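The chain contents come next:
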Amino acid sequence: MSDAALPSAAAQPPAAPAKEETPFRRFVRSFVEDRLALFGLALFILIVLLAIAAPLIAPQNPYDLASVDVMDSRQPPGSVSGEGFTMWLGSDGVGRDLLSGILYGLRISLMVGAFSGILAASIGAAIGLIAAYAGGRTENAIMRLVDLQLSLPSVLVALILVAGLGKGVDKIIIALVMVQWAYYARTVRGSALVERRKEYVEAAQSLGLSHARTVFRHILPNCLAPVIVIVTVQTAHAISLEATLSFLGVGLPQTEPSLGVLIANGFQYMLSGSYWISVFPGFALLMTIVSINLVGDRLRDVLNPRLEK
Amino acid sequence: MLAFVLRRLAQAFFVIAAMLVIVFFGVNVVGDPIYMLISPEMDQQQIAETARALGLDRPIWEQFLVFLKNAAQGDLGRSFVHGESAIKLILSRMPATLELAFVALVLAVVIGLPLGLYAGLKPESRLSRFIMAVSILGFSLPTFWVGLMLILTFAVSLGWLPATGRGPTVSIFGLDTSLLSLKGWQHVALPAFNLALLKISLVIRLARAGAREAALMDYVKFARAKGLSQSRIIGVHILKNIMIPIVTVLGLEFGSLVAFSVVTETIFAWPGMGRLLLEAITRLDRPVIVAYVMVVVVLFVTINLLVDLIYSALDPRVRLTEATS
């Protein structure tokens, strides 16, 4: 397991002596102080590598109907398939190798999480910046909308959105972005309000720089630290939310089997004892979410100026 | 104070009105529910008749005006699938959901509070670290998967508790409850614990933070100097002071418990309004979706309003800063 993880962890710049410490080095040094967070990072990198390499390492292509045999359905972990390879995690209701299913499912879950996270962060940050810089009525209107949305639980908002949008990867990503953007807008507005009053902004304005350049080139970079923390936490949340929606049957369709779809498929067999179809994709989901949260937790401690010694 | 109350009431009303518009148009612009309701043998004329009977042939803004007029009279439309009044349908399933959410809330306090107190008073002990690690896990675990694991462990493997459904109900004061029989408790145990999991983690964190702060206060030192017993200091002096934020947060979280019950009710086949919502979504039963959202939004807005008003009554600074901003 640590084969793939070790080189990546070692690739981090080593803890440099305090002589000429750049902010980035200081950041890396205090991040690696926490073993648990380092473990989380290694685990996450491993999961991403496994997902990327899925077509190369998976024993079977679960999309290829020709390679799937119904005779293999609901085989317990460790049994041998009709084609002769060992199904270490068993097979699902239609005879697909579960390990292959999980590897391919990880790709979809991670992709949905990453896309929605990046989109929500960009859109939310832009809206938050505009609110802080414009002030007045624009700011009021935007922040009211943010308050309204944050007062409703995300599961409910997402459910209503997919009820309107329908199934499909693109629609789920839209729903997840609409659920998440408000967190970024609120946070970025908070830090942009502080930055706005600083002298470098005044300097930029008196140099005659355009509003767009002042906001995105000068204010934005100084508001990014909290955004990075929220990206990690919210991406984990998005992955979990997508799995929940897919499990409920309103998320991704059967043709895009994310981890949530796999778990949902196994649910019907669980009461009759074929536990592995739901349990193993669930473990993969759990590992993904926990690894991201471990990293995010440490990032929050490291990047929080109030906790600096 | 009156001005504050009026402004808050106006805000609450505005939020409900805004949600009414957003939800109606959000739900009605997509998909055509008529194709879910007709049988394949129907000819064009019959389809058109069905559409007319349900008012689906009129332009959307006209549908909205009719909807608004009826909504003002407390009627949010008829379910396409069940043929009953949507709001009645929701309200008839509501007691089951409220019962589940209530038991979950009690569980969150009963389990979370002692663990959080312990972790706050003995922050260095091994058990405290373990409790905090578990509470991080509680935040990370997807609710639906924990539900599956609970069924697998306690219903399939051990056979101790039933996997699905609600126990027999008894009606008292017009409210149906299953909490008066042992069988009812056996049925509610797993779903309520599943629903409570997130809130248990939350209570642990709140109680720990509160206890750590309170333990350093002068009144605790003084109580100790007076020679009071440890249990009295914790039970009376510390507990009383940390309960204020916990009760507030939990009051606000009750609405989110009701919303999250969609997931739990589906897994445990609990006959509440969350399951009704999910059925309505898969069958495009618009009136039920709209009615569900409106009921939950009204519930949310009412809870928030009450918390705000109680807070401002207790702490004048809240309404003073509102007035100046």
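Residues numbered from 1 in each chain as written. Chains lettered and ligands numbered in written order. Predicted model: local features only at pLDDT ≥ 70, side-chain atom pairs only at ≥ 80, totals over all residues.

J.: Can you help me understand the nonpolar core in this one?
T.: Across soluble globular proteins, nonpolar side chains have a tendency to be buried as a group. In terms of nonpolar packing, the biggest core is built from 161 residues, with Ala158, Leu159 and Tyr184 of chain A together with Ala104, Ile289, Tyr292 and Val293 of chain B touching the most fellow members. Of all the elements, helix α5 (residues 98–134) of chain A adds the most residues to this core, at 17 residues. When near neighbours in sequence (up to four residues on either side) are disregarded, Ile289 of chain B contacts Ala163 of chain A together with Val27, Leu277, Ala280 and Ile281 of chain B. (Core = buried A, V, L, I, M, F, W, Y, C linked by C-beta atoms within 7 Å. Buried ≥ 20, exposed ≤ 12 C-beta atoms within 10 Å, placed from the backbone. Helix = DSSP H or I, 4+ residues; strand = E, 2+ residues; numbered from the N terminus. Contact = placed C-beta atoms within 7 Å.)

J.: Please explain the environment of Gln186 of chain B as it appears in this structure.
T.: Residue and element names in this part refer to chain B. The topology assignment puts Gln186 in helix α8 (residues 182–214). With 14 C-beta atoms counted inside 10 Å, the residue Gln186 sits in the partly exposed group. C-alpha of Gln186 to C-alpha of Phe25: the two residues are 161 residues apart in sequence and 42 Å apart in space. Not counting residues up to four positions away in its chain, the partners in contact with Gln186 are Leu161, Pro162 and Gly167.

J.: What am I meant to see in the interface of chain B and chain A here?
T.: A common way to express how large an interface is: the accessible area buried when the components associate. In this complex, chain B contributes 30 residues to the contact, which on the side of chain A involves 32 residues. For the side of chain B that touches chain A, the secondary structure elements donating two or more residues are α1 (2–28), α7 (143–157), α10 (230–267), α11 (273–282) and α12 (286–314) of chain B. A breakdown of the residues in the side of chain B that touches chain A according to their chemical character gives 23 nonpolar, seven polar and no charged. (Nonpolar A, V, L, I, M, F, W, Y, C, P; charged D, E, K, R; others polar.)

J.: Would you take a moment to explain helix α12 (residues 259–270) of chain A for this structure?
T.: Owing to its 3.6 residues per turn, the α-helix aligns residues three or four sequence positions apart on the same side. Given a rise of 1.5 Å per residue, twelve residues ought to cover 16 Å, and the 16 Å separating the end C-alpha atoms of α12 of chain A matches this to within 8%. With respect to burial, α12 of chain A is a largely interior element, nine of its twelve residues being buried. Within the sequence span of α12 of chain A, burial applies to Leu259, Gly260, Val261, Leu262, Ile263, Ala264, Asn265, Gly266 and Met270 of chain A. For α12 of chain A, the elements touching its buried residues are α5, α11 (224–248) and α13 (276–303) of chain A together with α7 of chain B. (Expected span 1.5 Å × (residues − 1).)

J.: It is not clear to me how the confidence of the model for chain B should be interpreted in this structure. Could you clarify?
T.: Residues shown with low pLDDT carry predicted positions that ought not to be read at fine detail. Residues and elements named next belong to chain B. Chain-level statistics for chain B give a pLDDT mean of 80 and a share of 90% at 70 or above. Confidence scores differ between elements of chain B, with helix α13 (residues 316–324) showing the lowest mean pLDDT of 60 and helix α5 (residues 86–121) the highest of 88. Under the prediction, the complex receives an ipTM of 0.77, its pTM being 0.80. (pLDDT = per-residue confidence, 0-100.)

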